[in-house]
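Each chain, written out:
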Amino acid sequence: MLKKKGFILRFSQFELTLQRIKSLFCRMMKIDDKTGLVLEGGGMRGVFTSGVLDAFMKHGVEFPYIVAVSAGACNGMSYVSRQPGRARYSNIDMMEKYDYISLRNLLTKGCIFDPDLLYDRLPNELFPFDFDTFFHSPTIYEMVVTNCRTGQAEYLSERHDPQRALDIVQASSSLPYVSKIVMVDGKPMLDGGIVDSIPVERAISQGYERNVVILTRNKGYRKTGHDRKIPHFFYRDYPRLRVMLSHRLESYNRQLELVEQLEREGKIVCIRPERPLEVDRIEKDVQKLERLYEEGFQMGERFIAL
């Protein structure tokens, strides 16, 4: 009997601890004018993010500021335009119908992801993008690109010109080696994740003291292997870009460490997959993509329920 009472006491204390953590969490992440949303990239792993954002839209969750990179930038556009299901359609339904990732695209169009389909037919015909809602949204929306000349990240917004908005998101999502360089404002741009894969420091620098960060890797993940110097025949006109590409692994792992430190300090809340991913950056298996999308949606629902 004493053991049973002790168990009940310990269980009650455990419940009380959980309630305190939950209360602290809810107070900390009250979304106000100082709360930002940070969206990591990750190629097709971004279907996790699209699931989370669809859950946010279902419940009317909005943020005053969003900074997004690569696949996160694509998903974020549909979130700001308030079009639930659009990112899922482009990532999963279109993959099943059009099979838009292929070596043939790389050889004939200079990009392994069909750029004509994704940045022309999709926004203008297949699932028209709501530019009017996007441009009139009160949300400040920045997309991260890498300037090939300087090797530095730039954080771009567009509130008026549909084509420039599409150019920015295409540049942000243009993976090195398997995509063409995209010109934006006369500057050669590539994937923002080359320099700033998880732009939480950008959000903080803009005055957003608390941030929700949507990641596309499980907690504790680190890239393995070693960075290598990029040969001169790659991007021969852009030596500073080559330097950044040569330190990409180290840079990403350093950002992951910063994210986990800020999370421990209670300055950010992370929404991430719970298990190591079976989805690759260039994934074509629709069933795997469906499962990752559903996990993202459930994690978004869980965050809202707290």
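Rules used throughout
- Residues numbered from 1 in each chain as written.
- Predicted model: local features only at pLDDT ≥ 70, side-chain atom pairs only at ≥ 80, totals over all residues.
- Heavy atoms only, no water.
- Helix = DSSP H or I, 4+ residues; strand = E, 2+ residues; numbered from the N terminus.
- Rg over C-alpha atoms; globule rule 2.2 N^0.38 Å.
- Buried < 20%, exposed > 50% of the residue type's maximum accessible area, 1.4 Å probe, protein only.
- Contact = heavy atoms within 4.5 Å.
- Areas by Shrake-Rupley, 256 points an atom, 1.4 Å probe, with all protein chains shown as cover.
- Core = buried A, V, L, I, M, F, W, Y, C linked by side-chain atoms within 4.5 Å.
- 1 Å grid on protein atoms, 1.4 Å probe; cavity = no way out; pocket = protein on both sides within 12 Å on 5 of 7 lines; lining within 4 Å.
- Points joined across faces, edges and corners; volume = space filled by probe spheres on them.
- Nonpolar A, V, L, I, M, F, W, Y, C, P; charged D, E, K, R; others polar.
- Expected span 1.5 Å × (residues − 1).

S.K.: Now, about the overall build of the protein: what can you tell me, with residues and values included?
M.R.: If you tally the helices and strands in the protein, you get 12 helices and eight strands. Rg of the C-alpha trace for the protein: 20 Å, near the compact-globule value of 19 Å for 306 residues, within the 12% margin. Expressed along its principal axes, the backbone C-alpha trace of the protein runs to roughly 75 × 40 × 40 Å. When each of the 306 residues of the protein is scored for burial, the buried share is 53%. If you take every contact in the protein between residues at least 6 apart in sequence, the share linking residues at least 24 apart comes to 73%. Only carbon and sulfur atoms are counted for the fraction: they give 53% of the accessible area of the protein, which is about 15200 Å².

S.K.: Hey, could you go over the nonpolar core for me, with residue numbers and the actual values?
M.R.: Judged by nonpolar contacts, the single largest core of 60 residues is most densely connected at Leu37 and Phe56. Here Phe56 is in contact with Leu37, Val61, Phe63, Tyr79, Ile214, Ile271, Gly300, Phe303 and Ile304, once residues within four sequence places are set aside. Counting residues in hydrophobic clusters, the runner-up holds 18 residues, among them Tyr221, Tyr252, Val259 and Ile268.

S.K.: Can you break down empty space enclosed by the protein residue by residue, with the values?
M.R.: Evaluation of the coordinates by the stated rule reveals four cavities of 30 Å³ or more. Computed from the structure, the largest cavity encloses a volume of approximately 450 Å³. Around the largest cavity sit 28 residues that line it, and Cys74, Asn91, Leu118, Tyr119 and Ser173 are the ones nearest its centre. Only α3 (71–80), α4 (86–98), α6 (115–126) and α8 (162–172) provide two or more residues apiece to the lining of the largest cavity. For the lining of the largest cavity, the class distribution of residues is 17 nonpolar, 10 polar and one charged. Around the second largest cavity, the lining residues are Leu215, Arg217, Asn218, Lys219, Gly220, Tyr221, Arg222, Leu256, Val259, Glu260 and Arg272. Broken down by class, the residue content of the lining of the second largest cavity amounts to four nonpolar, two polar and five charged.

S.K.: Tell me about helix α11 (residues 248–264), and please be specific about residues and values.
M.R.: Every α-helix winds through 3.6 residues per turn, so residues three or four apart in the chain are directed the same way. Spanning 17 residues, α11 covers 25 Å between terminal C-alpha atoms, matching the ideal 24 Å at 1.5 Å per step. All of the buried residues in α11 are Leu249, Ser251, Tyr252, Asn253, Gln255, Leu256, Val259, Glu260 and Leu262. Buried residues belonging to α11 abut α9 (200–205) and β8 (268–271). Following α11 by one or two positions, Gly266 has its phi on the positive side, about 75°.

S.K.: Talk me through unusual backbone geometry; I want residue IDs and the actual numbers.
M.R.: Most peptide bonds are trans, and most residues other than glycine sit at a negative phi. Although it is not a glycine, Ser70 adopts a positive phi angle of roughly 55°. Along the chain, Ser70 falls in the loop between β2 (65–69) and α3. Take Ser70: its relative accessible area is 4%, and that puts it in the buried class. Positive phi, normally seen in glycine, also occurs at Tyr235, with a value near 50°. Structurally, Tyr235 is set in the loop between β7 (210–214) and α10 (239–246).

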